[in-house]
Amino acid sequence: MSHGDYTYQPKNAFTKWLDSRLPIIRLMDEAMLQFPTPKNLNYWFTFGGILTFMLVVQILSGVVLAMHYVPHETMAFDSVERIMRDVNYGWLLRYMHANGASMFFIAVYAHIFRGLYYGSYKAPREVLWLLGIVIYLLMMATGFLGYTLPWGQMSFWGATVITNFFSAIPVVGPSITEWLWGSFAVDNATLQRFFSLHYLLPFVIAGVVVLHIWALHVPGNNNPLGIDVKGPADTVPFHPYYTTKDLFALVVFVLFFSYFIFFNPNAMGHTDNYIPANRLSTPLHIVPEWYYLPFYAILRSVPDKLLGVILMFSAILVWAFLPWLDRSHVRSAKFRPIYRQMFFILIGVVWILGMLGQQSPDGNFDFYGAELPISKVILSQILTIYYFAHFLLLTPIVSLREKALPVPESISKAVLAKKSGSAAVPGAARSPEKRV
Amino acid sequence: MHHRSSAAGLRHLCGIVPQDLLGLTHYFTKRIQDLRSGSRDCLRDDHFAIPDQFNPAREGALTLAHSTDNANVTRRDFIYVASSAATAIGATVALWPFIHQMNPAADTLALKEIEFDLAPLVPGQIVTVEWQKKPVFIRRRTPEEVKSAEDALMSDLKDPQADKDRVQRPEWLILVATCTHLGCIPSNLSKGDFGGWLCPCHGSHYDTSGRIRKGPAPKNLAVPPYAFLSDTKVLIGAEPKPAATAEHG
């Protein structure tokens, strides 16, 4: 994707000197300021920037929390309480970090479903999509490791349940779990290594984010129409158009984030985690953090241990095959009437699976206070089957048989048609590329 | 002068396979070159001649100072193969301490045995003790509980094991209290459908012998090694003494 004839020209003696030695200003200029971006991106395309911001928030707040936190089984819980009560602004930093994790996942789910809706996973963006899955898996691991650190009851038993997933592996499973624990159960050794890895993984994520952005900059952004950029008329420079749009979205997102930090900081946590870990007493109802709930429901829907664990991991891994399962040449669901309905059904299915993961495994499904006449086990089995059918059966079949709506000729034409259609203003005169 | 006396049995590999390090290096370097060039020359009987300076039968065989243009194998090839092999093996070996450090340390392994006084337990009572950082159930079973455990049909069991193979003395049931599904502690309060335990996390039911009867857990609750030191003292973590098992069996 080229943006006219623009190239970076160092202006003064220093930048000229630097440019011939380390062209870092050139890189930033071309990647962040001049980068030609489709002119029709909507607010669903601002989550990438929000996610980058959240990664920085988590790393900064995490680094300072680590100055006060003690990763030891006898001191971890108390050190977190000390952060809350005694450390200057400790409460703010901890609430920022704990709710920041939830915000991070809210943004990543919006980002992933945006990709699913507009077909961002399709050629030529398969590697971009795969790197995104790697980042998501690393986020899941980091979130889980971090949730263990306060060493409350949910931390301890959550860690026990999750590490026991590996004991499902035939033959070597038990040795692997003891290796993970460094003991015969979740123990001090486990806590210390989890802290070490929880500190490490965000930097690994940052590394993969660089690859993710690199892989984005080769083909360029997808857009709500899902059609390729045909020429300079279809794009605007990233700055100031999308820096402004991303910043505005970020401000709104930070307001939402602030509501939780300042007014409802424990809404997404679990009260049991304010009870110190007790290895002789399992809480009556163990639930993971909300962002794992749909996968937890898939795990519990299967009566066989190994199969349950395999299905749970497959529920994410199946995304990796999506670029090749979806055979449709049309990217955006805007022009795919059947896929579009499937997309909204999938959101509903994942939502209800999340509700099932939240509830205890016995009895009938409780839909916002109304008991439905269907057992949770059966419902979660039906929805698990549908979830996999969506990706493995419906997507390939629909992508081959669906008749897509006509796709606009170019981004520019579609944008101008919309403008002249609504306000009867000659769009070309307002077109920003004339500015260049 | 060609070295072709040994390894006759391996000749199908292609030429003569030498049995010393220099000869082997030469052999594999040559094979890689053949593969790259698509050459099938090695089928020729005398192709795999080892150049004289690599032939241990010759004087000065280990002197690598001379070039070996006649065989197309240079000192650089030798150094390349030897150093990549050393790097690969070295990296693999160096990895092990980094992996093994995560396994239970010596002090963790040392927490092997605990002694427990059985005298205060009344029939029907269950206590939970900690052994190797894991909870362990000690249950003084009532005669009815023993009977129901012994009467269970093997065909009804998911992980078939007779009750007598799980206890040393029928009255005392000692189990690792870790659900074999995902590691929660089965509840003492809710005994489940089979009078044993019910795991609150994912609904596994265990019977009065700690065997899995219903739910997602794949195996029976594990029996730790233990030995009765006397009628009222048990040592958990000890290998059972022959006398203790003989008394039961």
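Not measured: the values here are computed from a predicted model. (Residues numbered from 1 in each chain as written. Chains lettered and ligands numbered in written order. Predicted model: local features only at pLDDT ≥ 70, side-chain atom pairs only at ≥ 80, totals over all residues.)

*Asks:* Explain the overall build of chain B residue by residue, including any values.
*Replies:* Counting its secondary structure elements, chain B contains five helices and nine strands. Reading the secondary structure of chain B in the N-to-C direction produces α-α-α-β-β-β-α-β-β-β-β-β-β-α. Relative to its 249 residues, chain B shows a buried fraction of 29%. In chain B, 48% of the contacts between residues at least 6 apart in sequence involve partners at least 24 apart. (Helix = DSSP H or I, 4+ residues; strand = E, 2+ residues; numbered from the N terminus. Buried ≥ 20, exposed ≤ 12 C-beta atoms within 10 Å, placed from the backbone. Contact = placed C-beta atoms within 7 Å.)

*Asks:* Talk me through the sheet that holds strand S7 (residues 212-214) of chain B; I want residue IDs and the actual numbers.
*Replies:* Residues and elements named next belong to chain B. With antiparallel pairing, three strands are arranged side by side in an open sheet as S5-S6-S7. Since the sheet does not close on itself, it has two edges, and those belong to strand S5 (195-198) and S7, each with one partner. Averaged over all adjacent pairs, the angle separating strand axes in this sheet is 40 degrees, with direction ignored. In this sheet, strand S6 (residues 205-207) lies alongside S5 in antiparallel orientation, the contact comprising three bridges. (Pairing = 2+ DSSP bridges. Axes fitted to C-alpha atoms, helices over the stretch in contact; angles between N-to-C directions.)

*Asks:* Describe the interface of chain B and chain A, and please don't skip the residues or the numbers.
*Replies:* Every contact between the two is made by 23 residues of chain B and, on the other side, 27 residues of chain A. At the level of elements, strand S2 (126-131) and strand S3 (134-140) of chain B are the ones that each hand at least two residues to the side of chain B that touches chain A. Split by residue class, the side of chain B that touches chain A holds 12 nonpolar, eight polar and three charged. (Nonpolar A, V, L, I, M, F, W, Y, C, P; charged D, E, K, R; others polar.)

*Asks:* Any details on the pairing of strand S4 (residues 172-176) of chain B? Residues and values, ideally.
*Replies:* Residues and elements named next belong to chain B. Burial runs high along S4: four of the five residues are buried. Pairing of S3 with S4, which is carried by five bridges, proceeds in the antiparallel orientation. When the bridges of S4 are listed, Arg139 appears paired with Leu173.

*Asks:* Please set out the confidence of the model for chain A residue by residue, giving values where relevant.
*Replies:* Here chain A averages 92 in pLDDT, while 95% of its residues score no lower than 70. Below a pLDDT of 50 lies the segment residues 423-436 of chain A, which in the model reaches 15 contacts outside its immediate sequence neighbourhood of four places, other chains included. (pLDDT = per-residue confidence, 0-100.)

*Asks:* Tell me what's going on with helix H12 (residues 305-317) of chain A, and back it up with residues and numbers.
*Replies:* Residues and elements named next belong to chain A. Along its 13 residues, H12 runs 18 Å from first to last C-alpha, staying within 8% of the 18 Å computed at 1.5 Å per residue. Where H12 is concerned, the buried positions are Lys305, Gly308, Val309, Met312 and Ala315. Around the axis of H12, the buried residues are gathered within 120 degrees of arc, so they sit on the same side. If you follow the buried residues of H12, they end up packed against helix H11 (293-301) and helix H15 (376-401). (Expected span 1.5 Å × (residues − 1). Arc of directions from axis to C-beta.)

*Asks:* Give me the domain arrangement of chain A: which residues, what numbers.
*Replies:* Residue and element names in this part refer to chain A. Domain boundaries in chain A define domain 1 (33-286) and domain 2 (300-405). Distance from the C-alpha centre of domain 1 to the C-alpha centre of domain 2: 23 Å. Contact with domain 1, which involves 20 residues of that partner, is made by 17 residues of domain 2. Where the side of domain 1 that touches domain 2 is concerned, the elements lending two or more residues are helix H5 (90-118) and helix H6 (126-148). Take the side of domain 1 that touches domain 2: its biggest share by element is five residues, from H6. Counted by class, the side of domain 1 that touches domain 2 contains 14 nonpolar, four polar and two charged residues. (Domains from an automatic or database assignment.)

*Asks:* Would you mind going over the nonpolar core in detail, with residue names and values included?
*Replies:* By size, the foremost hydrophobic cluster in this structure holds 97 residues, and its most contacted members are Phe104 of chain A together with Val136 and Cys184 of chain B. At nine residues, H5 of chain A tops the list of elements feeding residues into this core. (Core = buried A, V, L, I, M, F, W, Y, C linked by C-beta atoms within 7 Å.)

*Asks:* Run through the pairing of strand S9 (residues 233-236) of chain B, naming residues and quoting values.
*Replies:* The side chains of a regular strand alternate, residue by residue, between the two faces of the sheet. Residue and element names in this part refer to chain B. Residue alternation in S9 divides its side chains into a buried set, Val234 and Ile236, and an unburied set, Lys233 and Leu235. In this sheet, S9 lies alongside strand S1 (residues 114-117) in antiparallel orientation, the contact comprising four bridges. Residue pairing across strands places Ile114 opposite Ile236, the latter belonging to S9. Across three bridges, strand S8 (residues 226-228) lies against S9 in antiparallel orientation. Its bridge partner lying in S9, Phe228 is registered against Val234.

*Asks:* Give me the lowdown on the sheet that holds S2 of chain B, citing residues and values where you can.
*Replies:* Residues and elements named next belong to chain B. Spatially, three strands are ordered S2-S3-S4 in an open sheet, and the strand pairing comes out antiparallel. Looking at the sheet topology across the chains shown, the edges are occupied by S2 and S4. Strand-to-strand twist of the sheet, defined as the mean angle between neighbouring strand axes without regard to direction, takes the value 25 degrees. Relative to S3, S2 runs antiparallel, the two sharing six bridges. Across the sheet, the residue bridging to Thr128 is Phe137, located in S3.

*Asks:* Got a sec to walk through the environment of Thr25 of chain B? Specific residues and values, please.
*Replies:* Residues and elements named next belong to chain B. Within the fold, Thr25 resides in helix H1 (residues 21-37). In this structure, the C-alpha to C-alpha distance between Thr25 and Ser209, residues 184 residues apart in sequence, is 62 Å. Beyond its immediate sequence surroundings of up to four residues, Thr25 is in contact with Phe78, Val81 and Ala82.

*Asks:* Give a description of the packing of H11 of chain A against helix H14 (residues 337-358) of chain A that names residues and reports values.
*Replies:* All names here are of chain A. H14 packs onto H11 with a crossing angle of 70 degrees between their chain directions and a minimal axis gap of 7 Å. Taken together, the axes of H11 and H14 lie roughly perpendicular to each other. Across the interface between the two elements, Leu293, Pro294, Tyr296, Ala297 and Ile298 from H11 touch Val350, Leu353, Gly354, Leu356, Gly357 and Gln358 from H14. Among the residues forming the contact of H11 with H14, the class breakdown is eight nonpolar, three polar and no charged. (Parallel < 35°, antiparallel > 145°, perpendicular 65-115°, else oblique.)

*Asks:* Describe H6 of chain A, and please don't skip the residues or the numbers.
*Replies:* Residue and element names in this part refer to chain A. For H6, built from 23 residues, the straight-helix expectation of 33 Å at 1.5 Å per residue is met to within 8% by its first-to-last C-alpha distance of 34 Å. Regarding H6, the residues found buried are Leu128, Trp129, Leu131, Gly132, Ile135, Met139, Thr142, Gly143, Leu145, Gly146, Tyr147 and Thr148. On its buried face, H6 sits against H5, helix H7 (153-163), helix H9 (188-217) and helix H13 (322-325).

*Asks:* Tell me what's going on with the confidence of the model for chain B, and back it up with residues and numbers.
*Replies:* Residues and elements named next belong to chain B. Confidence along chain B averages 79 in pLDDT terms, with 74% of residues attaining 70 or more. Element-level pLDDT for chain B is lowest in helix H5 (residues 242-248), with a mean of 44, against a maximum mean of 95 in S4. This model gives residues 43-48 a pLDDT under 50, and the stretch forms seven contacts once residues within four places in sequence are excluded. Scored below 50 in pLDDT, residues 61-69 shows 14 contacts in the model against residues more than four places distant or in partner chains.

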